[in-house]
Amino acid sequence: FDAFFKRLLYGEGKETSELVFERKRNGLFWARLEATCFEGGEVCRAMLTDITERRRMEQALQESENRFRMLLQDVPTIAVQGYAIDGTTQYWNIASEKLYGYSAQEAIGQSLLDLIIPPEMRSEVWHAIQKMGETGHPIPASELSLMRKGGSRSLVGFDVHLIGYHPGIDGAV
C-alpha cells in the first residue's frame, strides 16, 4: 500500500493496483485501487473497487483448468492436444507423445500444421481451422493419416472441439 502511494507521488501521478485488504469481521477482500494525483501531488483522487468475486471466479477457473489438465495429462490411450486459434500447440499429453513421437516440450509452441499435418493437407486444414474460428463450429470428426516425428504416418481418429472459445478472441481448440 505504501509502495503504491510512493509510485503514485513520485511517478507519473497515476497508478492502478490490485490489493488484498482485511475486513474486521468478514476476512479478506480484493480491491482494485486507481489513483491520480494533480497539482504536483497536492490533490489526489482515488477509487477503490471491490473485485473479490472476480478474483474468486478467476481462482476457481484456474483450479478447474488445472484439474482438467491433470486428468487428461496421464491418460495413456487418448491423445489430447490443445491449440490456439492460429494453430500453435498449447497442450500435449502423454498419449500424444507416444502417438506422434514428439515430447510435450518439443510440441508446445509449434504449429499444428508443421507437427502432424502432412504437406498435401495443410491448406485444407488451415482453411478448416479458420472457418471454425469464424463460425465457432467444430471441424467434423474424421479418420486421417497424420505425420509422426521423422515423417512416418499414423492413421488416427481426428476430432476437434472448441474449448473456452469466443469468436474474435484467441482460444484453445
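Residues numbered from 1 in each chain as written. Predicted model: local features only at pLDDT ≥ 70, side-chain atom pairs only at ≥ 80, totals over all residues. Heavy atoms only, no water.

**With respect to the sheet that holds strand β1 (residues 14–23)**
The strand order β1-β2-β3 describes an open sheet built from three strands, whose pairing is antiparallel. With partners counted over all chains shown, the strands left at the sheet margins are β1 and β3 (43–50), one partner each. This sheet shows a mean twist of 25 degrees between the axes of neighbouring strands, independent of strand direction. In terms of strand pairing, β1 meets strand β2 (residues 27–38) through ten bridges, oriented antiparallel. Bridging from a neighbouring strand, Glu 18 pairs with Arg 32 of β2. Helix-sheet contacts for helix α2 (residues 52–73) involve β1, β2 and β3, and the interaxial angle to β2 is about 120 degrees. (Pairing = 2+ DSSP bridges. Helix = DSSP H or I, 4+ residues; strand = E, 2+ residues; numbered from the N terminus. Axes fitted to C-alpha atoms, helices over the stretch in contact; angles between N-to-C directions. Contact = heavy atoms within 4.5 Å.)

**So, the state of the cysteines**
A covalent bond between the sulfur atoms of two cysteines is referred to as a disulfide. Taken as a whole and judged by the stated rule, the model has zero disulfides. Just so you know, Cys 37 is unpaired, no disulfide at all, and the nearest cysteine sulfur is the one on Cys 44, 3.6 Å from it. Classification of Cys 37 by relative accessible area gives buried; the value is 14%. Residue classification places Cys 44 among the partly exposed positions, given a relative accessible area of 40%. (Disulfide = S-S within 2.5 Å. Buried < 20%, exposed > 50% of the residue type's maximum accessible area, 1.4 Å probe, protein only.)

**Observations regarding the nonpolar core**
Among the nonpolar cores identified, the biggest contains 20 residues, and Trp 92, Tyr 100, Leu 112, Ile 116, Ile 117, Val 125 and Leu 146 are the most heavily contacted of them. Counting only elements with at least two residues in this core, the list comes to α4 (104–107), α5 (112–116), α6 (122–135), β6 (142–147) and β7 (153–158). Looking at which element gives the most residues to this core, the answer is α5, with four residues. With residues near it in sequence (within four places) discarded, Ile 117 still touches Leu 112, Arg 122, Val 125, Leu 146 and Met 147. Ranked by size, the runner-up nonpolar core spans six residues in total, among them Leu 8, Leu 19, Leu 33 and Ala 35. (Core = buried A, V, L, I, M, F, W, Y, C linked by side-chain atoms within 4.5 Å.)

**Remarks on the pairing of strand β5 (residues 89–92)**
Relative to β5, strand β4 (residues 81–83) runs antiparallel, the two being bridged by three bridges. The partner of Gln 81 across the bridge, within β5, is Trp 92. Remark: five residues form the turn of the hairpin made by β4 and β5, two consecutive strands paired antiparallel; Gly 87 in that turn has positive phi of roughly 90 degrees.

**Overview of the confidence of the model for the protein**
Looking at the protein as a whole, its pLDDT mean stands at 82, while 90% of the residues score no less than 70. Of all the helices and strands in the protein, helix α1 (residues 2–10) carries the lowest mean pLDDT, 76, while α4 carries the highest, 95. Across residues 165–173, confidence stays below pLDDT 50; counting only partners more than four residues off in sequence or on other chains, it has 25 contacts. (pLDDT = per-residue confidence, 0-100.)

**Brief notes about the packing of aromatic side chains**
If you walk through the whole model with that rule in mind, you get three aromatic pairs. With centroids separated by 5.6 Å and ring planes inclined at 45 degrees, the aromatic side chains of Trp 92 and Tyr 100 adopt a geometry described as tilted. Exposure remark for Tyr 100: the relative accessible area of 3% places this residue in the buried category. Between Trp 92 and Tyr 102 the ring centres are 6.5 Å apart and the planes differ by 80 degrees, which places this aromatic pair in the edge-to-face class. On the criterion of sequence distance, the pair formed by Trp 92 in strand β5 and Tyr 102 in the loop between α3 (94–100) and α4 is long-range, its members being ten residues apart. An identical accessibility class is assigned to Trp 92 and Tyr 102; each is buried. What links up through ring pairs into an aromatic cluster is the set Trp 92, Tyr 100 and Tyr 102. For Arg 55, the ring lying beneath its charged end belongs to Trp 30, and the centroid distance is 3.7 Å. (Phe/Tyr/Trp six-rings, centres within 6.5 Å; stacked < 30°, edge-to-face > 60°. Lys NZ or Arg CZ within 6 Å of the ring centre and 35° of its normal.)

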